[in-house]
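# Residue-level structural notes
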Amino acid sequence: MAIIVNLDVMMARRKITLGELAARIGITQANLSILKTGKAKAIRFSTLNAICTALDCQPADILEFRAED
């Protein structure tokens, strides 16, 4: 897939655990883990907004596009 999820990188930079972030944004750890590992098929803008607010970052810090060869 050409969309890379860098949520784990931002979480490490902000020194926040999966459980803590999940509690802050109001979703389950399981759903956040699916997103973090890049297995999610979609993300709601409201969830992306909550993540960016909690991590004080931009959507581009979380999602990256890489062209496939």
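The rules we used
- Residues numbered from 1 in each chain as written.
- Predicted model: local features only at pLDDT ≥ 70, side-chain atom pairs only at ≥ 80, totals over all residues.
- Heavy atoms only, no water.
- pLDDT = per-residue confidence, 0-100.
- Helix = DSSP H or I, 4+ residues; strand = E, 2+ residues; numbered from the N terminus.
- Buried < 20%, exposed > 50% of the residue type's maximum accessible area, 1.4 Å probe, protein only.
- Arc of directions from axis to C-beta.
- Contact = heavy atoms within 4.5 Å.
- Core = buried A, V, L, I, M, F, W, Y, C linked by side-chain atoms within 4.5 Å.
- Axes fitted to C-alpha atoms, helices over the stretch in contact; angles between N-to-C directions.
- Parallel < 35°, antiparallel > 145°, perpendicular 65-115°, else oblique.
- Left-handed = near helix turned anticlockwise from the far one by under 90°.
- Nonpolar A, V, L, I, M, F, W, Y, C, P; charged D, E, K, R; others polar.

### As for the confidence of the model for the protein
Per-residue pLDDT for the protein averages 94, and the proportion of residues at 70 or more is 99%. Strand 1 (residues 3-5) is the least confidently modelled element of the protein, averaging 93 in pLDDT, while helix 4 (residues 45-55) averages 97, the highest of any element.

### Topic: helix 1 (residues 7-14)
All of the buried residues in helix 1 are L7, M10 and M11. The buried side chains of helix 1 occupy one side of the element, clustering within an arc of 100 degrees when seen end-on. Residues of helix 1 that are exposed and point over 90 degrees away from its buried face: A12 and R13. Of the surrounding secondary structure, the elements contacted by the buried residues of helix 1 are strand 1, helix 2 (18-25), helix 3 (29-36), helix 4 and helix 5 (59-62).

### Here we look at the nonpolar core
Residues L7, M11, L21, L32, I51, L55 and I62 are the most contacted members of the largest nonpolar core, which totals 17 residues. Breaking this core down by element, the ones donating at least two residues are helix 1, helix 2, helix 3 and helix 4. Once residues within four sequence positions are removed from consideration, L32 is found in contact with L7, L18, L21, A22, I25, I27 and I51.

### Looking at helix 2
Taken as a whole, helix 2 has its buried residues at L18, L21, A22 and I25. Buried residues of helix 2, seen end-on, are gathered within an arc of 100 degrees and therefore sit on one face of the element. Of the residues in helix 2, the exposed ones pointing more than 90 degrees away from the buried face are A23 and R24. Check the buried side of helix 2 and you find it contacts helix 1, helix 3 and helix 4. Trailing helix 2 by a residue or two, G26 shows a phi angle of about 80 degrees, which is positive.

### Let's talk about the packing of helix 2 against helix 3
Relative to each other, helix 2 and helix 3 sit at 110 degrees, their axes nearing to 9 Å. Considered as vectors, helix 2 and helix 3 are oriented roughly perpendicular to each other. Crossing angle aside, the handedness with which helix 2 passes helix 3 is right-handed. Of helix 3, the residues touching helix 2 (which contributes L18, G19, L21, A22 and I25) are Q29, L32, S33 and K36. Taken together, the residues of the contact of helix 2 with helix 3 break down into five nonpolar, three polar and one charged.

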